[in-house]
Amino acid sequence: MFAKLPDKIVTPNKDGSARVLAIANQKGGVGKTTTAVNLATAMAACDKRVLIIDIDAQGNASTGLGLEAPNRKITSYDLLIGRNNASEAVVKTSIPNLSLIPSSVDLSGAEIELIDADRREYRLKDTIKTILHDFDYILIDCPPALGLLTLNAFCASDAVLVPLQCEFYALEGLSHLIRTIERVKRAFNPRLEIQGVVLTMYDKRNNLSDMVAADVRDYFGDKVYETVIPRNVRVSEAPSHGKPVLLYDVNCRGSQAYIHLASEILKRERRLSA
Ligand code: ADP
Ligand code: MG
């Protein structure tokens, strides 16, 4: 089922540590969590050791991987406030090679709690240092805001992957996001890059989808992945079963698109490491 994925890929960071990718867009409902969960699943199926860190108080990535709130013990919140070590928070999912650091509703107050904390922008970076060699890829599922939590994700990451919904206001939000990433790069994390932009919830019956896609490609050129994620009802059904769509219905168009996306990203990563 994953035949299209390249099978021999080196871990991009030369010292053998995980590549850390933040999945971010300050808009809610654009496909961040869906992309994090399904991309991670496709990478894991490709024999990569993958970790998802859920830093959204809503915890959709945790639920979507079958870990309901009452079963979450040590969470990303505990790491950010320095109560636990990262290795204590990692739980295995039912998917081989895929682990998770779940979120907690307490994250909703974390930005205020951390106002006076030491190295408040680097809390996530500092805490995951000890587990970087346990994984090939770490994907951080960000909340829908450009606050301190997302800033922590940007400071901890090598690159940002931006899911973009094909709709009218998408471009406006995107330029704000790009300016923010550039500012973070200058002030906090010089190695931060944009890994790419993925167009999500594409509806081929809707002309606007095409217009937005063309505009984004004009502006960002080959930073935009060739793979486009179609709007597909199977994708939206999967989380209520606590499964990635790749396990829920591997043959649906949404699953196939995420398999292609993983392949494209891993190839791009290989070029970056060459
Ligand atoms: P975000 O994390 O950016 O808030 P989500 O990934 O949670 O966005 O997606 C928002 C909603 O849209 C969810 O209900 C999700 O199931 C649905 N969704 C995401 N991608 C697709 C898709 N390709 N087709 C149909 N529904 C989708
Ligand atoms: Mg989300």
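Predicted model only: the values in this text are computed from it and were never measured. (Residues numbered from 1 in each chain as written. Chains lettered and ligands numbered in written order. Predicted model: local features only at pLDDT ≥ 70, side-chain atom pairs only at ≥ 80, totals over all residues. Heavy atoms only, no water.)

Visitor: Help me understand helix α1 (residues 32–45) in this model?
Guide: Three- or four-residue spacings in an α-helix give side chains the same orientation, since the helix completes a turn every 3.6 residues. With 14 residues, α1 extends 20 Å from end C-alpha to end C-alpha; this agrees with the ideal 20 Å at 1.5 Å per step. Burial analysis of α1 places 12 of its 14 residues in the buried class, the great majority of the element. Where α1 is concerned, the buried positions are Lys32, Thr33, Thr35, Ala36, Val37, Asn38, Leu39, Ala40, Thr41, Ala42, Met43 and Ala44. Within two residues after α1, Asp47 carries a phi angle of roughly 70 degrees, on the positive side. (Helix = DSSP H or I, 4+ residues; strand = E, 2+ residues; numbered from the N terminus. Expected span 1.5 Å × (residues − 1). Buried < 20%, exposed > 50% of the residue type's maximum accessible area, 1.4 Å probe, protein only.)

Visitor: Would you mind going over the pairing of strand β4 (residues 98–101) with me for this structure?
Guide: On a regular strand, one side chain projects to one face of the sheet and the next to the other, so that they alternate. The two faces of β4 match: Leu98 and Leu100 on one face and Ser99 and Ile101 on the other face are all buried. Bridging between strand β2 (residues 50–54) and β4 involves 4 bridges; their strand directions are parallel. Paired with Val50 across the bridge in β4 is Leu98. Following strand β3 (residues 91–92), the chain reverses through 5 residues before pairing antiparallel with β4; Asn97 in that reversal takes a positive phi of roughly 75 degrees. (Pairing = 2+ DSSP bridges.)

Visitor: Just checking my understanding: could you explain unusual backbone geometry for this structure?
Guide: Glycine aside, the phi torsion of most residues is negative, and most peptide linkages are trans. For Asp47, which is not glycine, the phi dihedral falls at a positive 70 degrees. You can see Asp47 is positioned in the loop between α1 and β2. The residue Met201 is not glycine, and still its phi comes out positive at about 50 degrees. Assignment of secondary structure puts Met201 in the loop between β7 (193–200) and α9 (207–220).

Visitor: Explain the packing of helix α8 (residues 170–187) against α9 here, please?
Guide: The description of two helices packed together rests on the angle between their axes and the distance between the axes. The contact between α8 and α9 brings their axes to 11 Å, and the two run at 25 degrees. By the criterion of interaxial angle, the relationship of α8 to α9 is roughly parallel. When the axes of α8 and α9 are compared, the crossing they make is right-handed. The residues of α9 that touch α8, namely those facing Ala170, Leu171, Leu174 and Ile178, are Val212, Asp215, Val216 and Phe220. Residues that form the contact of α8 with α9 fall into these classes: 7 nonpolar, no polar and 1 charged. (Axes fitted to C-alpha atoms, helices over the stretch in contact; angles between N-to-C directions. Parallel < 35°, antiparallel > 145°, perpendicular 65-115°, else oblique. Left-handed = near helix turned anticlockwise from the far one by under 90°. Contact = heavy atoms within 4.5 Å. Nonpolar A, V, L, I, M, F, W, Y, C, P; charged D, E, K, R; others polar.)

Visitor: What am I meant to see in the pattern of salt bridges here?
Guide: Pairing between side chains of opposite charge can happen when their charged atoms approach one another. Evaluation of the coordinates by the stated rule reveals 12 salt bridges. Here Asp136 makes a salt bridge to Arg49, at a shortest N to O gap of 3.0 Å. Taken together, the residues span a long stretch of sequence, with Asp136 in the loop between α6 (123–128) and β5 (137–141) and Arg49 in the loop between α1 and β2 at a distance of 87 residues. For Asp136, a relative accessible area of 6% puts it in the buried group. The closest approach of N and O atoms between Arg119 and Asp126, which form a salt bridge, is 2.8 Å. Judged by its relative accessible area of 45%, Arg119 falls in the partly exposed class. (Salt bridge = Lys/Arg side-chain N within 4 Å of Asp/Glu carboxyl O.)

Visitor: Would you take a moment to explain the packing of aromatic side chains for this structure?
Guide: Considering all chains together, one arrives at 3 aromatic pairs under this definition. Ring centres of Tyr122 and Phe188 lie 6.3 Å apart, and the angle between their planes is 70 degrees; on these two criteria the pair is classed as edge-to-face. Highlighted residues: Tyr122 in the loop between α5 (107–113) and α6 and Phe188 in the loop between α8 and β7, separated in sequence by 66 residues. (Phe/Tyr/Trp six-rings, centres within 6.5 Å; stacked < 30°, edge-to-face > 60°.)

Visitor: Just to check I follow, could you spell out the pairing of β2 for this structure?
Guide: Taking burial as the measure, the 5 residues of β2 include 5 buried ones, the bulk of the element. Burial along β2 is two-sided: the face carrying Val50, Ile52 and Asp54 and the face carrying Leu51 and Ile53 are both buried. Direction of pairing for β2 relative to β5: parallel, over a ladder of 5 bridges. Bridge pairing in β5 places Ile52 opposite Leu139.

Visitor: It is not clear to me how the side chain of Glu269 should be interpreted in this structure. Could you clarify?
Guide: Counting through the fold element by element, Glu269 comes out in helix α12 (residues 253–273). In terms of polar contacts, Glu269 uses its side chain to reach the side chain of Arg19, at 2.7 Å. A distance of 2.9 Å separates polar atoms of two side chains, one belonging to Glu269 and the other to Gln195. (Polar contact = N/O pair within 3.5 Å; in protein donor to acceptor, adjacent residues only side chain to side chain.)

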